[in-house]
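# Structure at a glance
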Amino acid sequence: MALKKILIIGASGQIGSELALKLRELYGNENVIASDIKEGGEELMQSGPFEIADATDKDRIEQLVAEYKITDIYLMAAMLSATAERIPMKAWELNMDSLFIILNLAKENKIKKVFWPSSIAVFGPSTPKESTPQTTIMEPSTVYGISKQTGERWCEYYFNKFGVDVRSIRYPGIISYKTLPGGGTTDYAIEIFHEALKSGEYTSFLKEDTGLPMMYMDDAIKATVELMEAPPEKVKVRSSYNLAAMTFTPQELATEIKKHIPEFKLNYDPDYRQEIANSWPSSINDNSARNDWGWDHEYDLAKLTEKMLSGLRDEQQ
Ligand code: AKB
């Protein structure tokens, strides 16, 4: 295997922090440089190089690429759906400027490979809601979704015009107990576990029957690593791949949690995030990822619930 030097931008965030640890395990601690505008958890900070860097600071990113002789970049910094609705121009700036910096570095042959996360937010109210196909109507109605869809178009463009090896996944809501997410519409599905253990009660900001595509973190990391390791000829989609594991509603999640904590109570008080959730698909068809590079998920709702509760209980001890 040729020597990889990886830079993760946004390594202190929810997905970035666990991805960084996995990549360090696979490619060696010294070969995975974590960076973010803020420091991350202890394990991330202790296990390998860490640099403070703003994802929109072109000079700083270029300096890190030159200093560490970076070959691959994972750009995990982004402003998520709920926050982006509150500060749209800041979200646009962060989500787009950071992507162009990386795509241009690849175009100039300063790096070899790029991973950039997209999201189910690229879909909108006019998209088929069930088993949403890989290629379909995409009219996102959120700032975050517009930025992700635009990003996808640019990724494909850079691949077609300049041969940039960029790879991407449309993540569903990602569930994990290690690092909290921030500013997403699917965040309820993580908060609910924390509150179930802390107070036995949670108030959901989404209605009881709001079904959204979700995935356990380990599956998301596995998919990311597998897509980046796939031979280029197997990566047939250069915008972004649909990826799915499960769909559940707040009510279905509560029913599963009650199997472990029978007294758990779920209340509902929908807010502005309901409208965002309503605009997204409730299930995703990911046949392209399964056929092209062999994607398969391991976690269903029962396994995810067990893992979340046992992981959080262990952390509390
Ligand atoms: C969000 O809720 O904004 C994210 C996403 C689905 O991309 N978790």
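Shown above is the structure to which this text applies.
It should be emphasised that the depicted structure is a prediction, and the values quoted were computed from it without experimental measurement.

### A short note on helix H9 (residues 250–258)
Taken residue by residue, H9 has Pro250, Leu253, Ala254, Glu256 and Ile257 as its buried positions. Angularly, the buried residues of H9 cover 160 degrees about the axis, an arc narrow enough to put them on a single face.

### What to know about the site of the ligand
Taken together, Leu80, Ser81, Ser119, Ile120, Tyr144, Gly184, Thr185, Thr186 and Trp280 are the residues near the ligand. Here an oxygen atom of the ligand sits 2.8 Å away from a polar atom, N or O, in the side chain of Tyr144. Between a nitrogen atom of the ligand and a side-chain N or O atom of Thr186, the distance comes to 2.9 Å. The fraction of the free accessible surface of the ligand (260 Å²) that becomes covered by protein chains is 93%. Most atoms of the ligand, that is more than half of them, are within 2 Å of grid points of the largest pocket.

### Considering the sheet that holds strand E7 (residues 173–175)
The strands that make up a sheet pair up through hydrogen bonds in the backbone, lying either parallel or antiparallel. Taking strand neighbours across the sheet as the criterion, the three strands line up as E7-E9-E11 in an open arrangement whose pairing is mixed. Here the strands that pair on one side only, and so sit at the sheet edges, are E7 and strand E11 (246–248). With strand direction ignored, the average angle separating the axes of adjacent strands in the sheet is 45 degrees. Across the face of the sheet, helix H7 (residues 188–198) comes into contact with E7, strand E9 (212–216) and E11 while running at roughly 25 degrees to E7.

### Observations regarding the layout of surface pockets
When its volume is computed, the largest pocket comes out at roughly 1000 Å³. Taken together, 47 residues line the largest pocket, and the ones lying closest to its centre are Met76, Ala77, Ala78, Met79 and Leu80. At the level of elements, helix H1 (14–27), helix H4 (81–86), helix H5 (88–107), strand E5 (113–119), helix H6 (143–162) and E7 are the ones that each hand at least two residues to the lining of the largest pocket. In the lining of the largest pocket, the residues fall into 21 nonpolar, 18 polar and eight charged. The calculated volume of the second largest pocket comes to roughly 270 Å³.

### Considerations on the packing of aromatic side chains
For the coordinates displayed, the defined rule picks out eleven aromatic pairs. On the numbers, 4.9 Å between centres and 70 degrees between planes, the contact of Phe100 with Trp154 is edge-to-face. With Phe100 in helix H5 and Trp154 in helix H6, this pair connects stretches of sequence that are 54 residues apart. Take Phe100: its relative accessible area is 26%, and that puts it in the partly exposed class. Judged by its relative accessible area of 32%, Trp154 falls in the partly exposed class. With a centroid separation of 4.4 Å and 40 degrees between ring planes, the pair formed by Tyr216 and Tyr299 is classed as tilted. Taken as a pair, Tyr216 in strand E9 and Tyr299 in the loop between helix H11 (287–293) and helix H12 (301–316) lie far apart in primary sequence, 83 residues in all. Note on accessibility: Tyr216 and Tyr299 belong to one class, buried. Three or more aromatic residues link up through ring pairs in this structure, and these residues are Phe100, Trp154, Tyr157, Tyr158 and Phe162. One Lys or Arg, Lys4, reaches over the ring of Tyr27 and ends 5.4 Å from the middle of that ring.

What counts and how
Per chain, residues are indexed from 1 in the order of the written sequence. At least 70 in pLDDT is required for a residue's local features to be given in this predicted model, at least 80 for side-chain atom pairs to be given and counted, and no such filter applies to totals for whole chains, interfaces and linings, which use all residues. With hydrogens and water stripped out, all remaining heavy atoms of the structure feed into the side-chain values. Per-residue accessibility, obtained with a 1.4 Å probe over protein chains only, is compared with the maximum for each type, and a residue is labelled buried under 20%, exposed over 50%, and partly exposed between these values. We count a stretch as a helix when DSSP gives it H or I for four or more residues in a row; a strand needs E for two or more, and each element gets its number in order from the N terminus. Throughout, the arc means that of the directions going from the helix axis to the C-beta atoms. Note on definitions. A residue lies near a molecule or strand when any single heavy atom of the residue is within 4 Å of it. Contacts described as polar in this section are N or O atom pairs within 3.5 Å, which, within protein, must combine one atom able to donate a hydrogen with one able to accept it, while residues neighboring in sequence count only if both atoms come from side chains. Surface exposure here means Shrake-Rupley accessible area, sampled with a 1.4 Å probe, where a residue is shielded only by the protein chains that are shown. For each structure, a 1 Å grid was placed over the protein atoms alone; sets of points admitting a 1.4 Å probe that cannot get out are labelled cavities, open sets with protein on both sides within 12 Å along at least five of seven lines are labelled pockets, and lining residues have an atom within 4 Å of a point. Think of it this way: if more than half of a molecule's atoms are within 2 Å of a pocket's grid points, that molecule is in the pocket or cavity. Only strands that DSSP links by at least two bridges are regarded as paired with each other. Note on method: axes are straight lines fitted to C-alpha atoms, helices fitted across the in-contact stretch only, with angles between N-to-C directions ranging 0 to 180 degrees. Every residue pair with non-hydrogen atoms within 4.5 Å of one another is taken to be in contact. Grid points are joined across faces, edges and corners, and a volume is the space filled by probe spheres set on the points. Think of it as three bins: nonpolar holds Ala, Val, Leu, Ile, Met, Phe, Trp, Tyr, Cys and Pro, charged holds Asp, Glu, Lys and Arg, and polar takes everything else, Gly as well. Here a pair means two rings of Phe, Tyr or Trp (six-membered ring of Trp) with centres within 6.5 Å. Their orientation is stacked below 30 degrees between planes, edge-to-face above 60, and tilted elsewhere. We count a charge as sitting over a ring when the NZ of a lysine or the CZ of an arginine lies within 6 Å of the ring centre and within 35 degrees of the ring normal.

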